Amino acid sequence: MKNYYFGGYPSEHNDGIYCSDADFKDYKQIVNAQYTTYFDVKDIIATILKENNLGGIGIYDLQGNCLAKKLMPLKPACYLEIKDNLIYTAHYHDGQCLIYEWNQNELTLRKQLFFGREAKCHEVLFYDQNHEFGVVCLGLDKIIFFDENYEQTKEILFPEGSGPRHALFNHDQSLLYVISELSKELFVYDMNQNTFIQQISLLENDQEGSGAAIRLSSDGKHLYTSVRYADILTHFEWGEQGWQPKQYYHCRKTPRDFILSEDTLIAAYQDENFVEKLSLDENKNVDQVLCTLPLEKIVCVKEK
């Protein structure tokens with residue numbers, strides 16, 4: 001049975017990671033921890049933590065029992081992802097990427113990559129066909145790739161001041177889709193030709209805002225982005241001319257993370273006291289609110 005998981009900033013009314021059923025009818029706190037602003041769920045739950053002015057990660061089983069923690073004299077990471085038995089974190093404030101190993105209930109720090117505070121590292125992505133991973137450096141306007149031995153292999157350079165934030169591949173990893181925080185654009189990069197093939201605004205008008213998250217539909221034909229402060233979810237559709245905007249949906253205040261789940265979109269808002277399940281119509285446009293959960297300051301959503 002499908003479940004949704006939600007985490008975010010500490011709130012007066014909720015803290016930690018919550019789990020709900022698919023219909024939002026039943027939900028409960030599953031991980032009692034602070035600063036669960038980004039986490040991942042596989043056969044374990046790995047989450048960012050902040051305790052006693054230290055930043056780190058915690059490992060929990062699916063019932064919420066803490067299996068291990070590791071805290072360091074760093075500010076909390078802004079991104080975390082599980083890849084096999086490794087856990088990758090990106091540290092915006094400290095300009096680092098940390099790689100942990102989870103093996104037989106033991107958590108160890110395997111590698112610490114330093115980029116400098118100005119790098120503002122914001123995400124890690126995986127280029128599986130080359131056995132590489134990339135670190136998205138918002139402050140350097142680049143994505144830097146490394147091999148399995150942590151040797152740098154290549155860079156993708158973005159326009160100065162664009163601020164790449166989050167990225168994902170299409171299904172065969174021939175194209176890379178990147179959302180920029182500062183310039184509020186969608187970049188499409190051809191991995192085989194090593195060149196940008198599209199650069200398009202996330203907004204209909206020149207509004208104030210900040211690019212936040214990006215998701216691709218399971219059939220690869222629909223792409224969605226969120227823009228904070230402009231409070232817009234943009235739906236792009238793939239066609240002969242590449243990605244073209246089909247809808248600018250005016251959502252609630254400060255959208256952050258969201259996921260696509262069947263014919264719905266689950267949206268988290270940093271400055272609202274609820275999360276929403278929104279339906280998608282026959283054209284895959286965002287349609288209407290189906291239901292909500294009373295959770296505040298949520299910035300990460302997962303499905304399992």
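Above this text sits the structure in question.
Not measured: the values here are computed from a predicted model.

Draft legend 1. Expanded view of the overall build of the chain. Along its length, the chain carries zero helices and 28 strands. Its C-alpha radius of gyration of 18 Å places the chain within 12% of the 19 Å reference for a compact globule of 304 residues. By residue count, 59% of the 304 residues in the chain fall in the buried class. Here the analysis covers contacts within the chain between residues at least 6 apart in sequence; of these, 41% occur between residues at least 24 apart.

Draft legend 2. Fine view of the layout of surface pockets. Considering only enclosed or pocket space, the second largest pocket measures out at about 300 Å³ in volume. In this structure, the second largest pocket is lined by 16 residues; those nearest its centre are K83, L86, Y88, H131 and E148. The set of elements that each furnish at least two residues to the lining of the second largest pocket consists of β9 (86-91), β12 (121-127) and β13 (132-137). Grouping the constituent residues of the lining of the second largest pocket by class yields seven nonpolar, two polar and seven charged.

Draft legend 3. Geometry of the sheet that holds strand β18 (residues 185-190). One open sheet holds the four strands; their spatial order is β16-β17-β18-β19, and the pairing between them is antiparallel. On the outer flanks of this sheet lie β16 (164-169) and β19 (195-201), each paired with one strand and no other. Across the sheet, the mean angle separating the axes of adjacent strands is 20° when strand polarity is ignored. As paired strands, β18 and β19 are joined by six bridges and run antiparallel to one another.

Draft legend 4. Spatial organisation of the side chain of D190. Tracing the backbone through its elements, the reader meets D190 in strand β18. Buried D190, no salt bridge; nearest opposite-charge side chain is K154, N-O distance 12 Å. Among the polar contacts made by the side chain of D190, one reaches the main-chain amide nitrogen of Q193 at a distance of 2.8 Å. Each residue touching D190, except ones within four places of it in the same chain, is listed here: S174, L175, T195 and I197.

Draft legend 5. Molecular detail of the pattern of salt bridges. What the rule picks out here adds up to 13 salt bridges. Residues K154 and E132 are paired through a salt bridge, measuring 2.6 Å at the closest nitrogen-oxygen approach. With K154 in strand β15 (residues 152-157) and E132 in strand β13, this residue pair connects regions lying 22 residues apart in the sequence. Here E272 makes a salt bridge to R252, at a shortest N to O gap of 3.6 Å. Of this pair, E272 sits in the loop between β25 (264-269) and β26 (275-280) while R252 sits in the loop between β23 (242-250) and β24 (255-261), placing them 20 residues apart in sequence.

Draft legend 6. Local environment of the environment of Q198. One can find Q198 in strand β19. On the accessibility criterion, Q198 (13% relative accessible area) is buried. Distance from Q198 to K25, taken between C-alpha atoms, is 41 Å for residues 173 residues apart in sequence. Within the structure, the side chain of Q198 is placed 2.5 Å from the backbone oxygen of W243, a separation counted as a polar contact.

Draft legend 7. Here's a closer look at the environment of V286. One can find V286 in strand β27 (residues 286-293). Judged by its relative accessible area of 5%, V286 is buried. Expressed as a C-alpha distance, the spacing of V286 and D94, which sit 192 residues apart in the sequence, is 37 Å. Among residues more than four places away in sequence, those in contact with V286 are Y224, Q247, Y249, L265, L278, S279 and L280.

Definitions and cut-offs
Residues numbered from 1 in each chain as written. Predicted model: local features only at pLDDT ≥ 70, side-chain atom pairs only at ≥ 80, totals over all residues. Heavy atoms only, no water. Helix = DSSP H or I, 4+ residues; strand = E, 2+ residues; numbered from the N terminus. Rg over C-alpha atoms; globule rule 2.2 N^0.38 Å. Buried < 20%, exposed > 50% of the residue type's maximum accessible area, 1.4 Å probe, protein only. Contact = heavy atoms within 4.5 Å. 1 Å grid on protein atoms, 1.4 Å probe; cavity = no way out; pocket = protein on both sides within 12 Å on 5 of 7 lines; lining within 4 Å. Points joined across faces, edges and corners; volume = space filled by probe spheres on them. Nonpolar A, V, L, I, M, F, W, Y, C, P; charged D, E, K, R; others polar. Pairing = 2+ DSSP bridges. Axes fitted to C-alpha atoms, helices over the stretch in contact; angles between N-to-C directions. Lys, Arg positive; Asp, Glu negative; His and termini not counted. Salt bridge = Lys/Arg side-chain N within 4 Å of Asp/Glu carboxyl O. Polar contact = N/O pair within 3.5 Å; in protein donor to acceptor, adjacent residues only side chain to side chain.

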